[in-house]
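Reading the structure
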Amino acid sequence: MAEPVVKFVSQKISKIRFRPSEQQGLQQSNIFVTGSWDNDENKLSFWRLPPSPLDKGASFHDTLSSVAAGASGPGDILDRLDAEPQLICEERHVGDVTDIKFVNEATLLVSSSSGTVQAYRYNGTQKSLQPTQTWESLHRLRSRECPCTCMSVSGTDVTTCGEDGKINVLRLEHKHPVRTIDNADSCTINALTHLKSHEVVAVNATGQLKIWDLRQPGSEPSRVFLLTGEKVPLHCVDRHPTQPHLVAAGSQGGLLNVWDLRKEKFPVTLFDGHQGHIWEVKFHPGNPDNLFTCSEDGMVLHWDGTGGQTAASAATGVGVGGGFGLGGLPNKPSNADHISPWLSTDPSRPIDTNEVLPANTMPVNSLDVDGDRLVCGTDGEAIFVASNIFCR
């Protein structure tokens, strides 16, 4: 991994997300967006990264081979990555940015501590960000507005949750929610994601993981999962990109919990690596045997479940998920002959953890990963870009 690049932005960063590329799966994105919090004036900002070797025509095989051989120094392939992100455009945002979700490469949604969700349209040619639609006061406690804490997108449907324990289902072409579950939970819902187009999984402030079938009437969840031991808040959740029955959630105590939704209500595996609240968890979208977390303790951890495979073996395509497909990107492992490391009890396949930001001490609030690059934002008013993240 190349030395992370840092950009100081004079804003505490609450959320950071890569913009989807127009050729998802064939080309990684070099544009990302950040949202700020706890500032006199919060902002939504778009940034551009220098192209990676994959974007400049080098195959994934060539890139891995260069790093495995120790390529570094002026003129090497890594030098193209050693540059700060450049600001493209920005827009003032009312309230703290609590979540950011892209519908496609041109449309994104931003939720606020004021309980509002705002849709924007990004114009790359004009380098501008245009507000298009607003859903105001979606979340309220008694008579006052409260934060919309999280969102999830499935097609043109958007599901929101908040501190009021309410779930709203929005549709981009509608001005008002198409469905509201007023008493979905008795406490704050901290994060959610779609399992299917009609099904969401959410985590809350009492350490529960709940599933709702949005087609069903009523407010009760279809299933409820619990933490083992002490009940502490769960702050984040992510679904495995190819095995939707696998869900990872980060807790206030610093534990990473993994559930197999086909089985019992308690986590199948627990991983201990952080000393503070885990704010976000993210499976690598193309190589989900790799997972990333960021925390209040200032650490960003890369959880590598490939069993200690070396960079050199990854460069030759040998090992878990070996071989290369369209665009020189690695083939995904077959579910038929591959036991997920997140469920495995085989001691010969340990989960390795590596620190991505070894020198950082400020809380890291958000991260995203695409291809061989990871971006994250901190309370230290900084954006970090880590390149050549090897996910086999």
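The numbering scheme is per chain: residues are counted from 1 as the chain's sequence reads. Totals for whole chains, interfaces and linings use every residue, but because this is a predicted model, local features are given only for residues with pLDDT of at least 70 and side-chain atom pairs only at 80 or more, for both listing and counting. To get the side-chain values, take all heavy atoms of the structure and skip hydrogens and water.

Regarding the pairing of strand β8 (residues 117-123)
Along β8, five of the seven residues are buried, which leaves the element largely enclosed by surrounding structure. A pair of strands counts as paired when DSSP detects no fewer than two bridges linking them. Helix and strand assignments follow DSSP, with helices taken as H or I runs no shorter than four residues and strands as E runs no shorter than two, numbered in order from the N terminus. Sheet topology places strand β7 (residues 107-112) next to β8; five bridges connect them, and they run antiparallel. Bridge assignment links Thr107 to a residue of β8, and that residue is Arg121. Where β7 hands over to β8, the hairpin turn is made up of four residues, of which Gly115 adopts a positive phi near 85°. The sheet contact formed by β8 and strand β9 (residues 128-135) spans seven bridges and is antiparallel. Paired with Tyr122 across the bridge in β9 is Leu129. Here β8 hands over to β9 after four residues, with Lys127 in that stretch at a positive phi of 55°. For each residue, the accessible area found with a 1.4 Å probe, counting protein chains only, is set against the maximum for its type, and the residue is called buried under 20%, exposed over 50%, and partly exposed in between.

Quick notes on the pairing of strand β4 (residues 42-48)
Put simply, side chains in a regular strand alternate between the two faces of the sheet. Buried residues dominate β4, accounting for five of its seven residues. Pairing of strand β3 (residues 31-36) with β4, which is carried by five bridges, proceeds in the antiparallel orientation. Paired with Ile31 across the bridge in β4 is Arg48.

Focus: the sheet that holds β7
Pairing is antiparallel across the open sheet formed by four strands, whose spatial order is β6-β7-β8-β9. Each end of this open sheet is capped by a strand with a single partner; those strands are β6 (97-102) and β9. Neighbour-to-neighbour, the strand axes of this sheet turn through a mean angle of 25°, independent of strand direction. Axes here mean lines fitted to C-alpha atoms, for a helix over just the part in contact, with angles spanning 0 to 180 degrees between N-to-C directions.

Concerning the packing of aromatic side chains
Two rings from Phe, Tyr or Trp (for Trp, the six-membered ring) form a pair when their centres sit within 6.5 Å of each other. Planes less than 30 degrees apart are called stacked, planes more than 60 degrees apart edge-to-face, and all others tilted. According to the stated counting rule, one finds six aromatic pairs in the structure shown. Where Phe46 meets Phe102, the ring centres are 6.3 Å apart and the plane angle is 90°; that geometry is what we call edge-to-face. Taken as a pair, Phe46 in strand β4 and Phe102 in strand β6 lie far apart in primary sequence, 56 residues in all. Each member of the pair, Phe46 as well as Phe102, carries the same accessibility label: buried. Three or more aromatic residues joined by ring pairs make a cluster, and in this case those are Phe271, Phe283, Trp303 and Trp342.

A look at the pattern of salt bridges
Salt bridges are defined as contacts in which a side-chain nitrogen from Lys or Arg sits within 4 Å of a carboxyl oxygen from Asp or Glu. Using the criterion set out here, one finds 14 salt bridges in the structure. A salt bridge links Glu280 to Lys15; the nearest nitrogen and oxygen atoms lie 2.7 Å apart. Linking Glu280 in strand β24 (residues 278-283) with Lys15 in strand β2 (residues 13-18), this pair joins segments that are 265 residues apart in sequence. Owing to a relative accessible area of 6%, Glu280 belongs among the buried residues under this scheme. Looking at Lys15, the relative accessible area reads 14%, which means it is buried. Salt bridges sharing partners connect three or more residues here, namely Lys15, Arg17, Asp99, Lys101 and Glu280.

Side note on the environment of Pro288
Position of Pro288 among the secondary structure elements: in the loop between β24 and β25 (290-295). Look at Pro288 and you get buried, because its relative accessible area is 5%. As a C-alpha pair, Pro288 and Thr242 span 46 residues in sequence and 7.8 Å in three-dimensional space.

Focus: the sheet that holds strand β12 (residues 148-154)
Taken together, four strands build an open sheet; the order of strands is β12-β13-β14-β15 and the sheet is antiparallel. Strand pairing shows two members of the sheet lacking a second neighbour, β12 and β15 (179-181), which therefore form its edges. Averaged over all pairs of adjacent strands, the angle between strand axes in this sheet comes to 20°, irrespective of strand direction. When strand β13 (residues 157-162) meets strand β14 (residues 167-171), the two strands line up antiparallel, connected through five bridges. Across the sheet, residue Asp157 finds its bridge partner in β14, namely Arg171.

Here we look at the confidence of the model for the protein
A residue's pLDDT is the confidence the predictor assigns to it, expressed on a 0 to 100 scale. Residues of the protein with pLDDT of at least 70 account for 83%, and the chain-wide mean is 85. Counting contacts from residues 57-78, a segment whose pLDDT is below 50, to residues more than four positions away or on other chains yields 33 contacts. Residue contacts are defined here by distance: any two heavy atoms, one from each residue, within 4.5 Å place the two residues in contact.

Structural notes on unusual backbone geometry
Note: most peptide bonds trans; most residues except glycine with negative phi. The phi dihedral of Ser137 is positive, around 50°, even though this residue is not glycine. Mapping Ser137 onto the fold places it in the loop between β9 and β10 (140-141). Positive phi is not limited to glycine here, since Asn388 has a value of about 60°.

Side note on the side chain of Ser366
Looking at the element boundaries, Ser366 is found in strand β28 (residues 364-370). Within the local environment of Ser366, its side chain forms a polar contact with the backbone nitrogen of Ile16, the two atoms lying 3.0 Å apart. Definition of a polar contact: a pair of N or O atoms within 3.5 Å, with one able to donate and the other able to accept a hydrogen when the atoms are protein atoms, and with sequence-neighbouring residues admitted only if both atoms are side-chain atoms. Within the local environment of Ser366, its side chain forms a polar contact with the side chain of Arg17, the two groups lying 3.1 Å apart. The residues contacting Ser366, other than those within four sequence positions of it, are Ser14, Lys15, Ile16, Arg17, Glu280, Cys294, Val375, Cys376 and Gly377.

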